[in-house]
Amino acid sequence: MLNKPRTLKDSNLAKEIIKEGGDIVPIMIPSSETNGLGIMNPSILIEGDEILVNLRNVGYTFFHSDYDQKYHSRWGPLTYMHPENDLTLRTTNFLCKLNTESLEVEAYAEIDTSKLDIPPVWEFIGLEDARLARWDGKLYGIGVRRDVKPNGEGRMEFQEIEYNLDPKNHKNSYAKEVKRNRIQPPVDKNSYCEKNWMPILDKPYHFVKWSHPTEVVKANLKNNTSKQTLLADTAISLGRDLRGGSQIVRWNNQWFAVTHELDPFNHNELQLKDAYYFSRFVIWDDDWNIIKVSDAFSFMGARIEFTTGLAEYGEFFLMTFGYADAAAYTAKVPKKLIEKMLTEVSYE
Amino acid sequence: MNNKILKNLVYEYIDDHLDPVKNFNLGFEYYTQGHGALAFAYFLRCAELSEDDNLSYQCLVLSSHCLDKQGSRTHSAQGLLLHAISLLPKRPEAHYHLIRLLEINKDYQECYTQTSIALSLCDFEDVDIFPLSEYPGKWAILFERSVSGWFIGRCDEAREITKHLWFDMITDQTHSQLISNNMDLMGLNKFLHTHYDSNMFDRFKFKFDGLETIEKNYSQAYQDMFTLSVLQGKRNGTYLEIGSADPYYGSNTALLEEFEWNGVSVEIDKELVERFKNARSNEVICSDATTLDYNEILSRISDENNVVDYLQLDCDPPEITYQVTKMIPFDKYKFRVITFEHDRWYSGDRIYNESRKFFTDLGYVRLVPNIAPDNRQDYEDWYVHPELVYPEVIEKMKITQGKIHKSEDYMIETKNKKGYGDFS
């Protein structure tokens, strides 16, 4: 029995965004910094006149044959192409500053983590898919790290960052991790891998740990624990789980985020592992009931896209997303388009 | 990082993200910027979406380049090349890169077999090689066949191909050096030197007194025979040889010594200097040529008019040769013949151009430009001083046309050349 994928072959929200007066801007740093490897899953944060982006750089090249899928790799249609003499998945992060008008990168620095790194004991190395948040005056990248336990246990970690990003002189730019907190999960202490907690920017140290049914947790950096503050008892039927995506921002006295959902399937008669990712706009009320969602969509038509950043920008929202684990873009999305796409949900 | 071109291509892509050409164009821009992983994503999409096999082929080959350039992903890159070959088996680009990767991985038997398949299957003539394919030409497949053949024991064939590549084919600069090295490793270095022997007497173009006594010469490209020709077989001449290397093999002064010349050689390699001292009569100085006092040396060998018959300038790299050249007190001493090694064939035009201006400004006449031991390695210019050499000699020996001058063709009347096999 084949599990056929749902395709979003024609989904291309970017076209609609541009048509409605928005924009799509590549997030680029020089290839000399990345050895031509993937830059992905960017997370944006706007504070006053400063627009920051955390940009993830990975040590693999993502192979995903799209559409007719005639050209598999030697290892199937979806493969992480590591160096053949190093199968570790390495992540480094760059802190970037965007020009407030063009939204192009005007300064950047690799985040130096050497002060707090230990020799890795698992093959996923580095802080993955860090979302930016500033609480109590401190800038944090908050993502999952798996390299400190020999079984690969993943925990959300706070990476406190000090930085200076100078558009006029690159040599003056730096970013360094000055403190690290590894947060234990609130309920299932033996959970294998915690990831994609969505920072609630207006509620310091709070996260939506799971979108649906919505679970909210609060991290405590004094003792590196977390506690569950809410577990919604409402459920809607979307066909797939809503998973973590962007940060959560306050909008019209509600909570707004971009989530992702996964559609895994087995490809053709060989049952080769494959998957599609979709994005979705989600609105919660003050009690963390999901009240509006959009249809699932793709920003630019890649089968794997992942939104990890969201920030209000006048009459727009800036959404930063990774494309095929290789490229990074900022979508400047008109609020009116978002409103048009949202529909109220019905509860069963 | 303002990048309007990239953004325009992103917009074109967004306008129709299922258009293979728009995917290709965006991938190509990322590729040219060195963002291999980003390019890879769009090339793969284009390959899948396109109904144009040539475009899909191009994307698959470029995708393999993306991986190859990231390092240590040769098996992954090979997989894409195999897709390309499956799609259009007669095109040579993917064959070549597959062969190259097999050779890099030391999979010599597979590499050799693939060269057989490519050479028998590919259409080398009627194919438009696409931009950035990094496919040098059929000769590059032959080169890989020689290398892989050598390592699986087909040494005679490897030698024949290597000679064929060296003497009959135009390759790129990188491969020229590799082939030159392989000639040496395969015991073919005798072919890298062009020699005079007494059997060539009748065909020698610039006969001089004493030519009949020479059984063989020593220089790599007839520099010794040239010097004697210009100076009409002069006996008891003088020389300063900077960069003497081996006392006989490739030496420009060993034959001059046999013509009773006196001179000083300079060499930095202690072992070569010891060999020189044991084998030759004339003086050799073991030293870095950039540290010597040439006034002192020239005062010992020049005549009463401060003239020295021959100056050899040959250090490695040519930047050093030129540095030493500028240390020679040309304002005080004059040289009848100068051979200057610029190595333009691999080091480019800078020293080549600067040295030419330098000698021209001093009044020397470039009698033979761009001399080479073959048809490719133009490595020296040969000069004479017009006040110290007979005008009729200059008239007779001067070359005014052509880019590279094979020394054998310059010095010896040619007869029909023997071929090295047919690999067409």
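Predicted model only: the values in this text are computed from it and were never measured.

1. Thoughts on the packing of helix H6 (residues 92-104) of chain B against helix H8 (residues 138-151) of chain B
Residue and element names in this part refer to chain B.
- Contact geometry for H6 and H8: axes closest at 10 Å, N-to-C directions at 25°. Classified by the angle between their axes, H6 and H8 sit roughly parallel to one another. For the pair H6 and H8, the sense of crossing is left-handed. Contacts between H6 and H8 involve Pro92, His95, Tyr96, Ile99, Arg100 and Glu103 on the former and, on the latter, Lys138, Ala140, Ile141, Glu144, Val147 and Ser148.
- Split into classes, the residues belonging to the contact of H6 with H8 amount to six nonpolar, two polar and four charged.

2. Brief notes about the packing of helix H4 (residues 53-70) of chain B against helix H5 (residues 74-87) of chain B
Residues and elements named next belong to chain B.
- For the pair H4 and H5, the least separation of the axes is 8 Å and the interaxial angle reads 170°. Considering their axes alone, H4 and H5 lie roughly antiparallel with respect to each other. Listed contacts from H5 to Asp53, Ser56, Tyr57, Leu60, Val61, Ser63, Ser64, Leu67 and Asp68 of H4 are Thr74, Ser76, Ala77, Leu80, Leu81, His83, Ala84 and Leu87.
- When grouped by side-chain class, the residues that make up the contact of H4 with H5 number nine nonpolar, six polar and two charged.

3. Regarding the sheet that holds strand E17 (residues 249-251) of chain A
All names here are of chain A.
- Read across the sheet, five strands follow the order E17-E18-E19-E20-E24 without closing on themselves; strand pairing throughout is antiparallel. Bordering the open sheet on either side are E17 and strand E24 (343-344), each of which pairs with just one other strand.
- Of the pairings in the sheet, the one linking strand E20 (residues 290-293) to E24 comprises two bridges and is antiparallel in character. Considered in E24, the bridge of Val293 is made with Thr343.

4. Focus: the environment of Tyr135 of chain B
Residue and element names in this part refer to chain B.
- Looking at the secondary structure, you find Tyr135 in the loop between helix H7 (108-121) and H8.
- You can call Tyr135 buried: it has 20 C-beta atoms within 10 Å.
- Each C-alpha atom of the pair Tyr135 and Tyr96 lies 6.9 Å from the other, and the pair is 39 residues apart in sequence.
- Those residues in contact with Tyr135 that sit more than four places away from it in its chain are Pro92, Glu93, Tyr96 and Ile129.

5. Remarks on helix H10 (residues 173-185) of chain B
Residues and elements named next belong to chain B.
- Its 13 residues give H10 an end-to-end C-alpha distance of 18 Å, which sits within 8% of 18 Å, the value for a rise of 1.5 Å per residue.
- For H10, the set of buried residues is Ile179, Ser180 and Asn182. Buried residues in H10, looked at end-on, bunch into an arc of 165°, giving them a common side. Those residues of H10 that are exposed and aimed more than 90 degrees away from the buried face are Gln173, Thr174, Asn181, Asp184 and Leu185.
- Buried-residue contacts for H10 involve H8 and helix H9 (155-168).
- Following H10 by one or two positions, Gly187 adopts a phi angle in the positive range, close to 75°.

6. A short note on the domain arrangement of chain B
Residues and elements named next belong to chain B.
- Taken domain by domain, chain B consists of domain 1 (52-190) and domain 2 (198-411).
- A per-element tally of the side of domain 1 that touches domain 2 places H10 first, with three residues.
- Looking at side-chain class alone, the side of domain 1 that touches domain 2 contains two nonpolar, three polar and no charged residues.

7. Points about the nonpolar core
- Residues Leu95, Cys96 and Ala326 of chain A together with Phe43 of chain B are the most contacted members of the largest nonpolar core, which totals 148 residues.
- If you look at the next biggest cluster of nonpolar residues, it comprises 47 residues, including Tyr222, Leu298, Tyr333 and Trp382 of chain B.

8. Describing the environment of Glu319 of chain B
All names here are of chain B.
- If you trace the backbone, Glu319 turns up in helix H15 (residues 318-325).
- Since 14 C-beta atoms lie within 10 Å of it, Glu319 is described here as partly exposed.
- Here the alpha-carbon distance between Glu319 and Ser355, two residues 36 residues apart in the chain, equals 10.0 Å.

Criteria and cut-off values
- Along each chain, residues carry numbers from 1 onward, in the same order as the chain's sequence is written.
- Each chain gets a letter, beginning with A, and each ligand a number, beginning with 1, in the order they are written.
- Two thresholds apply to this predicted model, a pLDDT of at least 70 for residue-level local features and 80 or more for giving and counting side-chain atom pairs, whereas whole-chain, interface and lining totals are computed over all residues.
- Only the stretch in contact is used when fitting a helix axis, every axis being a line fitted to C-alpha atoms; angles between N-to-C directions are given from 0 to 180 degrees.
- In DSSP terms, a helix is any run of H or I states spanning at least four residues, a strand is any run of E spanning at least two, and both are numbered starting from the N terminus.
- Put simply, angles under 35 degrees are roughly parallel, angles over 145 are roughly antiparallel, angles from 65 to 115 are roughly perpendicular, and the rest are oblique.
- By convention the crossing between two helices is left-handed if the near helix lies anticlockwise of the far one by an angle smaller than a right angle, and right-handed if it lies clockwise.
- By the convention adopted here, residues are in contact when the distance between their C-beta atoms, placed from the backbone, does not exceed 7 Å.
- Residue polarity follows a fixed list, in which Ala, Val, Leu, Ile, Met, Phe, Trp, Tyr, Cys and Pro are nonpolar, Asp, Glu, Lys and Arg are charged, and the others, Gly among them, are polar.
- Two strands make a pair as long as DSSP finds a minimum of two bridges between them.
- Burial in this document is a count-based property: other C-beta atoms within 10 Å of a residue's C-beta are tallied, and the residue is buried at 20 or more, exposed at 12 or fewer, or partly exposed in between, with C-beta positions derived from the backbone.
- Working rule for helices: expected span equals 1.5 Å times residues minus one.
- By construction, the arc corresponds to the directions joining the helix axis to the C-beta atoms.
- Note that the domain bounds reflect an automated or database-derived domain assignment.
- The term nonpolar core refers to a set of buried Ala, Val, Leu, Ile, Met, Phe, Trp, Tyr and Cys residues connected through C-beta atoms within 7 Å.

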